[in-house]
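Next come the chains, spelled out residue by residue.
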Amino acid sequence: MGLLALLWGSSFLWIKLALTGLSPMQIAVTRCALGAVVVLVLCYSQRHRLPTDRTVWGHLVFAAFFGNALPFVLFAVGERTVDTGIAGVLNATTPLWALLIGIVIGSERGNLGPVRLGGLLLGFLGTLLIFAPWEKAGVASWDALAILGAALSYAVSYAYIGRKISGRGTAPIALSAAQLLTATGLTAVAVPVGGLQPVNLNATALIAVGILGVFGTGFAFALNYRLIADEGATNATTVGYLLPVVSVLLGAVALGEQITLRVIAGMVVVLIGVGMTRWQRKPVLVPVEPVPAMAAKI
């Protein structure tokens, strides 16, 4: 879990460094392609095969667009001006968007208590605290909204995968490989539209996008699959609490980004809100008196 948090949490740093020589679209397509190669190798080494059902591939187009292609581009667009630490904190709002989507489509309405609803409101208040549109030093901008849009895009993908793709008999790592392969195709098609800007290739950008694709995307996908298999989906989601902490610390240490008390406070509020939205009421076990032997026979 710690390794996965480091890989995912450091992705924002690698995106920032890759932007020194590549455009957002070029970063996205390279990241998808390298990640797809890694997961495909792991998939076939474990003797899993990609899905053959055309319906599943049709669903994967939607999942790959909102789960990889779109957010990968939006994160790179946003980090042109937004600090890596703030990007990581805004990414932590994904569970809040997921719950909101669940309420809208009806999958969470029967399981929405005052604690979860309060967590949803608290989480978005923390996001507002981070944006601070009332202050000149706030991060409210189109680039920051792009990162928030990426977090929303992740939530749309999770909801869709849960309804249309999961539990159809295909191994999760095979689905991950197919999704990244589809995302590579989608971003490659879009390169002529937004990825033909002149590039200033340098060693820093090439190394950063290589690490981002191979480790931050490929191996991170595989590790997440292994973590879910070993610890269960609920325990695996705990890694989400570590990502903003990693991104904030790496941004401060590696890039000298300023950590303001307002951003830290906003991060804490968001994480508390996310924790409250995951609260589940445990069923109350009522002791039952044993049935007398004679009554049991009757």
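Located above this text is the structure these notes cover.
In short, a report on the structure. (Residues numbered from 1 in each chain as written. Predicted model: local features only at pLDDT ≥ 70, side-chain atom pairs only at ≥ 80, totals over all residues. Heavy atoms only, no water.)

Moving on to the overall build of the protein. Looking only at helices and strands, the protein has 14 helices and zero strands in total. Counted from the first residue to the last, the protein has its helices and strands arranged as α-α-α-α-α-α-α-α-α-α-α-α-α-α. Here the protein holds 298 residues, and the buried ones make up 45% of them. For the protein, the exposed area adds up to about 15100 Å²; of that, 68% sits on carbon and sulfur atoms. (Helix = DSSP H or I, 4+ residues; strand = E, 2+ residues; numbered from the N terminus. Buried < 20%, exposed > 50% of the residue type's maximum accessible area, 1.4 Å probe, protein only. Areas by Shrake-Rupley, 256 points an atom, 1.4 Å probe, with all protein chains shown as cover.)

Right, let's talk about a nonpolar patch on the surface for a bit. On the surface, a nonpolar cluster with roughly 450 Å² of combined accessible area is contributed by Ile-259, Leu-261, Ile-264, Val-268 and Ile-272. You can see Leu-261 is positioned in helix H13 (residues 261-277). (Patch = residues over 30% accessible without salt bridge, like charges linked within 9 Å, V, L, I, M, F, W, Y side chains within 5 Å. Salt bridge = Lys/Arg side-chain N within 4 Å of Asp/Glu carboxyl O.)

Right, let's talk about the environment of Ala-69 for a bit. Relative to the elements of secondary structure, Ala-69 occurs in helix H4 (residues 54-78). Excluding anything up to four places from it in sequence, Ala-69 contacts Ala-64, Ala-183, Leu-186 and Thr-187. (Contact = heavy atoms within 4.5 Å.)

The subject of this paragraph is the packing of aromatic side chains. One pass over the structure, following the stated rule, counts eight aromatic pairs. Aromatic pair Phe-75 and Tyr-154: ring centres 5.9 Å apart, planes at 40°, arrangement tilted. Here Phe-75 is found in helix H4, whereas its partner Tyr-154 is found in helix H8 (residues 142-164), with 79 residues between them in sequence. For the pair shown, Phe-75 and Tyr-154 are each scored as buried. Here the guanidinium or amino end of Arg-31 rests over the ring plane of Phe-72, the centre of that ring lying 3.7 Å away. (Phe/Tyr/Trp six-rings, centres within 6.5 Å; stacked < 30°, edge-to-face > 60°. Lys NZ or Arg CZ within 6 Å of the ring centre and 35° of its normal.)

This part is about the packing of H4 against H8. The N-to-C vectors of H4 and H8 enclose an angle of 165°; their axes lie 8 Å apart at closest approach. Considering their axes alone, H4 and H8 lie roughly antiparallel with respect to each other. Handedness of the H4/H8 crossing: left-handed. Each residue belonging to the contact of H4 with H8 can be placed in one class, and the counts come to 17 nonpolar, six polar and two charged. (Axes fitted to C-alpha atoms, helices over the stretch in contact; angles between N-to-C directions. Parallel < 35°, antiparallel > 145°, perpendicular 65-115°, else oblique. Left-handed = near helix turned anticlockwise from the far one by under 90°. Nonpolar A, V, L, I, M, F, W, Y, C, P; charged D, E, K, R; others polar.)

Moving on to helix H12 (residues 243-255). End to end, H12 covers 17 Å across 13 residues, agreeing with the expected 18 Å (1.5 Å per residue, within 8%). Within H12, burial applies to Leu-243, Pro-244, Val-246, Ser-247, Val-248 and Gly-251. Of the surrounding secondary structure, the elements contacted by the buried residues of H12 are helix H1 (2-9), helix H2 (11-18), helix H5 (84-91) and H13. Looking one or two places after H12, you find Gly-256, whose phi comes out positive at around 70°. (Expected span 1.5 Å × (residues − 1).)

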